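# Architecture and fold: a report
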Amino acid sequence: MTKSNKKELSKEQQGELLKTLKTRFEKNMNRHKGIEWTKVEAKLKANPQKLWSLNEMERTGGEPDVVGHDKKTDEYIFYDCSAESPNGRRSVCYDREALESRKENKPKNSAMDMAADMGIEILTEEQYRELQKLGKFDTKTSSWLKTPYEIRKLGGAIFGDWRYGNVFVYHNGADSYYAARGFRGLLRV
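Just so you know, these numbers come straight off a predicted model, no measurement behind them.

### With respect to the pattern of salt bridges
Using the criterion set out here, one finds 16 salt bridges in the structure. When the shortest N-O distance is used, the salt bridge between lysine 45 and glutamate 41 registers 3.8 Å. One end of the pair, lysine 45, and the other, glutamate 41, are both in helix H2 (residues 37-45), four residues apart, so they sit about a helical turn from each other. Judged by its relative accessible area of 22%, glutamate 41 falls in the partly exposed class. Across the pair arginine 59 and glutamate 56 runs a salt bridge whose closest N-O atoms are separated by 2.8 Å. Note that arginine 59 and glutamate 56 are positioned in helix H3 (residues 48-59) at a spacing of three residues, about one turn of the helix.

### Notes on unusual backbone geometry
The phi angle at serine 91 is positive, at roughly 60°, despite the residue not being glycine. With respect to the helices and strands, serine 91 occurs in the loop between strand S2 (75-80) and helix H4 (96-101). Take serine 91: its relative accessible area is 28%, and that puts it in the partly exposed class. Positive phi is not limited to glycine here, since tyrosine 164 has a value of about 50°.

### A closer look at the packing of aromatic side chains
Following the criterion strictly, the structure yields five aromatic pairs and no others. Between tyrosine 94 and tryptophan 144, the aromatic rings sit 5.8 Å apart at their centres with planes inclined by 65°, giving edge-to-face as the arrangement. Highlighted residues: tyrosine 94 in the loop between S2 and H4 and tryptophan 144 in strand S4 (residues 142-145), separated in sequence by 50 residues. According to the relative accessible area criterion, tyrosine 94 is buried, its value standing at 3%.

### Focus: helix H6 (residues 125-132)
Among the residues making up H6, those that are buried are Tyr128, Leu131 and Gln132. Along H6, the residues classed as buried sweep out an arc of 100° about the axis, all on the same side. Residues of H6 that are buried in the fold lie against S2, S4, strand S5 (156-163) and strand S6 (166-173).

### Quick word on the side chain of aspartate 95
Mapped onto the secondary structure, aspartate 95 falls in the loop between S2 and H4. By relative accessible area, aspartate 95 is classed as buried at 12%. Among the polar contacts listed, one links the side chain of aspartate 95 to the backbone nitrogen of alanine 98, at a separation of 3.0 Å. Once residues lying within four places of it in the same chain are set aside, the contact partners of aspartate 95 are Ser110, Met112 and Arg152.

### Description of the sheet that holds strand S8 (residues 185-188)
Spatially, four strands are ordered S1-S2-S8-S3 in an open sheet, and the strand pairing comes out antiparallel. What marks the edges here is a single partner per strand, and that holds for strand S1 (64-70) and strand S3 (121-122). Bridging between S3 and S8 involves two bridges; their strand directions are antiparallel. The partner of isoleucine 122 across the bridge, within S8, is glycine 185. Sitting on the sheet, H3 is in contact with S1, S2 and S8, with an inclination near 160° to S8.

What counts and what doesn't
- Residues numbered from 1 in each chain as written.
- Predicted model: local features only at pLDDT ≥ 70, side-chain atom pairs only at ≥ 80, totals over all residues.
- Heavy atoms only, no water.
- Salt bridge = Lys/Arg side-chain N within 4 Å of Asp/Glu carboxyl O.
- Helix = DSSP H or I, 4+ residues; strand = E, 2+ residues; numbered from the N terminus.
- Buried < 20%, exposed > 50% of the residue type's maximum accessible area, 1.4 Å probe, protein only.
- Phe/Tyr/Trp six-rings, centres within 6.5 Å; stacked < 30°, edge-to-face > 60°.
- Arc of directions from axis to C-beta.
- Contact = heavy atoms within 4.5 Å.
- Polar contact = N/O pair within 3.5 Å; in protein donor to acceptor, adjacent residues only side chain to side chain.
- Pairing = 2+ DSSP bridges.
- Axes fitted to C-alpha atoms, helices over the stretch in contact; angles between N-to-C directions.

Here is the structure:
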């Protein structure tokens, strides 16, 4: 799957992505009990921009999958479900302000900017804890999480991982970046 500057996929790319998503959906039914693929697929086909965002999640190693359905808005919720933080989104600091504050050894991008470019949101701490109920994620890596304003204004940012049979949420300077830290996103369709 190639990156597109038009933020739309060809019919062939759409078909390939839908096949990948359906296969993952069927292999991981515990993540979306009571949800029917045909309804998800219909929503996806009606929203080509969302398909482009899902393709970006897939292209960067996120392995997106359906984790819920918001009955109020009739939206299906996709999270990055890769075992480790998506490989194509690692070695980034938290946001643009943190990126610009670095004087040396700047990373190529920030988590918040990448998420915005992809048309997705970064998981909150609550959403990350919900994801961890579906399996064990980030056992060797960590993922930036949407940071509350009160922490961010003081220069920090939060991230989570799974260690010792528990979800841990820690803090770091928002300008820090590591080869084993990326971010997980969500998309509502």
